[in-house]
Amino acid sequence: MTSVCSSPTPLKTGRFGKSAIHFRMSSPTFDWTLVRSFLAVLDAGSLMGAARRLGAQQPTLSRHIAELEAQLGVPLFERTGRGVAPTAAAQAIADAARDMEHGAERLLAGLHRQRSLATGTVRIAASQIAASHLLPRVLARLRQAEPGIQVELVVSNALSNLLRREADIAVRMVRPEQSSLVARKLADLPLVACAHSSYLQRCGTPRHPLDLLDAALGHTLIGYDSDDTILRGFAQMGHPVGREQFALRSDDQLAHGALIAAGAGIGFAARYCLQDWPGVVPILPDLPIPPMPCWLVVHREIRGSAVVRRVFDFLAEAIPQVLGVDPQPAQQSGTGTGAFGPASP
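Everything numeric here is computed off the predicted structure, so don't read it as measured data. (Residues numbered from 1 in each chain as written. Predicted model: local features only at pLDDT ≥ 70, side-chain atom pairs only at ≥ 80, totals over all residues. Heavy atoms only, no water.)

Novice: Which parts of the structure should I look at to understand the sheet that holds strand β10 (residues 267-270)?
Specialist: Within a sheet, adjacent strands bond to each other through the backbone by hydrogen bonds, running parallel or antiparallel. Taken together, three strands build an open sheet; the order of strands is β10-β7-β11 and the sheet is antiparallel. Looking at the sheet topology across the chains shown, the edges are occupied by β10 and β11 (280-283). Averaged over all pairs of adjacent strands, the angle between their axes in this sheet comes to 50°, without regard to strand direction. (Pairing = 2+ DSSP bridges. Helix = DSSP H or I, 4+ residues; strand = E, 2+ residues; numbered from the N terminus. Axes fitted to C-alpha atoms, helices over the stretch in contact; angles between N-to-C directions.)

Novice: I keep staring at the packing of aromatic side chains and nothing clicks. Help me out?
Specialist: Here a ring pair, both rings aromatic, is described through the centre-centre distance and the interplanar angle of the planes. Tallied over the entire structure, the rule returns three aromatic pairs. On the basis of an interplanar angle of 50° and a centroid distance of 5.7 Å, the ring pair of F38 and F77 is categorised as tilted. A residue pair is termed long-range when its members are at least 10 positions apart, and F38 in helix α1 (residues 34-44) and F77 in strand β1 (residues 77-79) qualify at 39 residues. On the basis of an interplanar angle of 75° and a centroid distance of 6.2 Å, the ring pair of F234 and F246 is categorised as edge-to-face. On the criterion of sequence distance, the pair formed by F234 in helix α8 (residues 229-236) and F246 in the loop between α8 and β9 (248-249) is long-range, its members being twelve residues apart. (Phe/Tyr/Trp six-rings, centres within 6.5 Å; stacked < 30°, edge-to-face > 60°.)

Novice: Would you mind going over the confidence of the model for the chain with me for this structure?
Specialist: Close inspection of predicted coordinates is inappropriate in any region flagged by low pLDDT. Chain-level statistics for the chain give a pLDDT mean of 81 and a share of 81% at 70 or above. A low-confidence stretch, residues 6-19 (pLDDT under 50), is modelled with 19 contacts involving residues beyond four sequence positions or located in other chains. Taken as a whole, residues 333-345 scores under 50 in pLDDT and shows 30 contacts with residues more than four places along the chain or in a different chain. (pLDDT = per-residue confidence, 0-100. Contact = heavy atoms within 4.5 Å.)

Novice: What is the right way to look at the pattern of salt bridges in this model?
Specialist: Any two side chains of opposite charge can pair, given that their charged atoms come close. Applying the stated criterion across every chain yields a total of ten salt bridges. Across the salt bridge formed by E152 and R123, the nearest N and O atoms sit 2.6 Å from each other. You can see E152 sitting in strand β4 (residues 149-155) and its partner R123 sitting in strand β3 (residues 120-126), a full 29 residues away along the chain. On the basis of relative accessibility, which here comes to 31%, the residue R123 falls in the partly exposed class. With a closest N to O distance of 3.7 Å, D313 and R309 form a salt bridge. Taken together, the residues span about one helical turn, with D313 and R309 both in helix α10 (residues 306-323) at a distance of four residues. Residue D313 is classed as partly exposed on the basis of its relative accessible area, which comes to 32%. Several salt bridges converge on common partners, so that one network encompasses D43, R53 and R98. (Salt bridge = Lys/Arg side-chain N within 4 Å of Asp/Glu carboxyl O. Buried < 20%, exposed > 50% of the residue type's maximum accessible area, 1.4 Å probe, protein only.)

This is the structure:
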């Protein structure tokens, strides 16, 4: 029988049977991650079976066994008609390998228990829209994952609550400029023109952005009152409009969304809001509305808190998942480091 894994150089093997097994460590370092693959092959009796058990590729396991044999200086498996058979060397190290496996399992269990014991209160600030339509799903997941952490949700559209320490973490749609704040960009949020299907049935569906401004079509536009965000957006597209062209106006974001959801007219909203407005559909897919960035912000002086860090990391992972968008590469506002240490490349 031949060794299951070939090596680029002949391995010095010990003598088996009644003689002692002589292991030759080819390097002062030892790759402990190879033990998991060794045990999987040992238990399965074949590379194919071990690959299925670990959800890995058979060539990967073959390479792991070859690397472990090279480190130990002895062959560990020999091919048989039905798979592989352990050599005496493999049998000699099996118990020690299982001890390592059990130790790793105890370590992971201990870490899990430690994380489950995380306790404390974290204040999260967010805008009306994010607090009403984005964070509820995220915080529901957080409660399941971290039952020991309590959350106080501060609904505010101002960044000042972080500067005044009224909140620990903020979810914002604008990049902070204050040097005492650091932030991580999570995603670019699509913005859409939208209307309730009942409105579109009554008034028709606009086919071109200029249809929104065509008096002959008589569409009702929903906009803001003193906030000029939508006006500036039309101007950037080359179609300047005045506030009087928006027959329904409110600076309250929830009221603005409620008007859209009630079928009162055509408005503009973050696409994630539509999941909470049954019957509201996006229109004018070719309307070039720039996406809105989503930032996770924390004050520099409290980023070292373990419970704040845990919530920050959870939000950074969960928010893009709930939004159904690809997470952004880690980047930060401020200098030197990201919210919790150096930013990833």
